[in-house]
Every structure is written in structure tokens, then in C-alpha cells.
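Geometric and topological summary
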Amino acid sequence: MTHKIILLACLAVSVCSAAKVPVAIYYESLCPDSAKFITEQLYPAMKTELRDFVELTFVPFGKSQFFTQGSEVTFTCHHGPNECYGNKVHACAIEHIQANSYQVEYTRESLTLDFINCLMRAGKNFPDNVYPGQRCATENHVNNWENIKTCANTTDGSILLRKAGETTQRLKEPLTSVPTILFNEQFDKKVNERAQVNFAGTLCKYVSAPQPRICAQHNGAMGLVGTGSLLSAILGIWFMRQLFN
């Protein structure tokens, strides 16, 4: 019995101390592909136990550009001026969202993820051209929307967005598509493409043992796919032999 208790304790320690996988999301606030990835792949995965195995970084800049003239910074964005404002809102939210000690069920990370997901889900559909920042803040328990809005409309927002631009420009391989997803600070084109259609399964390839149960489900599904492909090949060979014999 004592041995079992020690084993369970060791397993618990290994889970708690397991290194989190650094995942960086380079995206744009009004990019349809960014919205599709965040709302359909990233967000659902991060609402599972996988959230405990990831160190998530959002970089809202993408294919934008910035120009510095003295103390002034100007931006041109892939989807126009509204996207520049949206990128600033995202950058300011990432910087300023804080957890509330009276709402312990919400962490800084979960609040940021919920807020960004809400903004991306809204896409370009803003009634009366009103950016949905306040609505998303209210719906997702973000209590300092006024601070975020002030940041986005002042030089603070420009400074934060420029930092996101500098981070994007420091990529070892220049960003060519949005979104771009890096695991362990490394870019791999095939991994990036796979993550956009199966983020949870792709992430599980980087999570060290013991893995959460959701990874076993994804590994099992991938195993079934491999088995199915092998069976199809065998049947194909048998059919050809029957045809020519």
C-alpha cells in the first residue's frame, strides 16, 4: 500500500512539474484565417485539460508594417486601418488584463483567451461600426475595458503594437502566412499547416508523458487512420491480383 501511495505521489509531482510547451500565435485581428483557427481550433483545445500543458503567447501583428518618425509610430495593416485599431486592442488587452482576486475561477490567461476568442468570433461584423471590445469585455468578465480602450487610443497602444511588430520581425524565417503557429519557438511549415486543422492533436506531439487523456484520444484516432490506410492498401493489392489472375 505504501509503495502505491509513493507511486501516485511521484506521478502527481511529475504532472505538476512537467514543462509547459511554448506556443506562439502570430495573427491579425481581422484576418478570417486567424479567426477560424482561434475560434475553431485553439479555443476549444484550450478549454480542455491541455491548457495546463501550454504556455501561450499571442502576437497580434501578422503582415502589418510600422514606420517610426521621431516619437510617432504609424502602421499599415493587412486588412486596413480598422485592423490596426483591432491589433492595438488585442495588444493592450494582452498587456493589461488582470485576474480578479474575488473571481478565483478566472485566471489572467483564461480571461485573455476568452476575450480574444470573443473578438475573433465577431470578425468584421460590427453593428454600426462599433468595435465589440466593450461587449466582449462584459461577456467575459474583463473588468478593465476602459483601461484597455484608453491604451488602444493612445501612444501606449502604438508602443505595444510596435513591440508585437518587432517580435514578428525577429522570427528566424520571415512570416509569410497568417496565422503562423510556433511550437517550442520553432517554425515548421508542415506542423503549422497541421495545427490549423488539428491543433490539439499537433500539440499532443509536443506534450511529454504523462499526457492528458485527450492526447490518448487523438493518438488513437490517428492510429485508426493509419490502420485504415494500411487496410485499404492491402485490399487494393488483393483486388489487383484477383483482376489479373
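Above this note sits the structure.
Computed from a predicted model, the values in this text were never measured in an experiment. (Residues numbered from 1 in each chain as written. Predicted model: local features only at pLDDT ≥ 70, side-chain atom pairs only at ≥ 80, totals over all residues. Heavy atoms only, no water.)

So, about the side chain of H90. With respect to the helices, strands and loops of the structure, H90 is situated in helix α3 (residues 81-96). Contacts of H90, omitting those with residues within four sequence positions, involve Y27, S29, P60, I116, L119, M120 and Y131. (Helix = DSSP H or I, 4+ residues; strand = E, 2+ residues; numbered from the N terminus. Contact = heavy atoms within 4.5 Å.)

It is worth spelling out the environment of E193 at this point. Here E193 is to be found in helix α8 (residues 189-195). When the C-alpha atoms of E193 and P179 are compared, they prove to be 9.6 Å apart, with 14 residues separating the residues in sequence.

Turning next to the packing of α3 against helix α7 (residues 155-169). Contact geometry for α3 and α7: axes closest at 9 Å, N-to-C directions at 90 degrees. The angle between the axes of α3 and α7 places the two elements in the roughly perpendicular class. Taken together, the residues of α7 that come into contact with α3 (itself represented by C84, N87, K88, A91, C92 and E95) are G157, S158, L160 and L161. Among the residues making up the contact of α3 with α7, the classes are represented as 5 nonpolar, 3 polar and 2 charged. (Axes fitted to C-alpha atoms, helices over the stretch in contact; angles between N-to-C directions. Parallel < 35°, antiparallel > 145°, perpendicular 65-115°, else oblique. Nonpolar A, V, L, I, M, F, W, Y, C, P; charged D, E, K, R; others polar.)

Another point: the pairing of strand β4 (residues 72-76). Taking every second residue as pointing to the same face, the buried face of β4 carries V73 and F75, while none of E72, T74 and T76 on the other face is buried. Looking at chain direction, strand β3 (residues 65-69) and β4 are connected through 5 bridges and run antiparallel. If you follow T68 over to β4, its bridge partner there is V73. Linkage of β3 to β4, two consecutive antiparallel strands, is achieved through a turn of 2 residues, within which G70 is found at a positive phi near 65 degrees. (Buried < 20%, exposed > 50% of the residue type's maximum accessible area, 1.4 Å probe, protein only. Pairing = 2+ DSSP bridges.)

This part covers the state of the cysteines. If you walk through the whole model with that rule in mind, you get 4 disulfides. Here C77 pairs with C84 through a disulfide, and the sulfurs are 2.1 Å apart. Given an S-S torsion of about 120 degrees, the disulfide between C77 and C84 has right-handed geometry. On the basis of relative accessibility, which here comes to 13%, the residue C77 falls in the buried class. Judged by its relative accessible area of 9%, C84 is buried. Across a sulfur-sulfur distance of 2.1 Å, C92 and C151 are joined as a disulfide pair. In this structure the cystine formed by C92 and C151 twists about its S-S bond by roughly -75 degrees; its chirality is therefore left-handed. Here C151 lies in helix α6 (residues 145-152) and C92 lies in helix α3, a separation of 59 residues in the sequence. The pair formed by C92 and C151 is uniform in burial state, with each residue classed as buried. (Disulfide = S-S within 2.5 Å.)

By themselves, these are just geometric observations and shouldn't be taken as functional.
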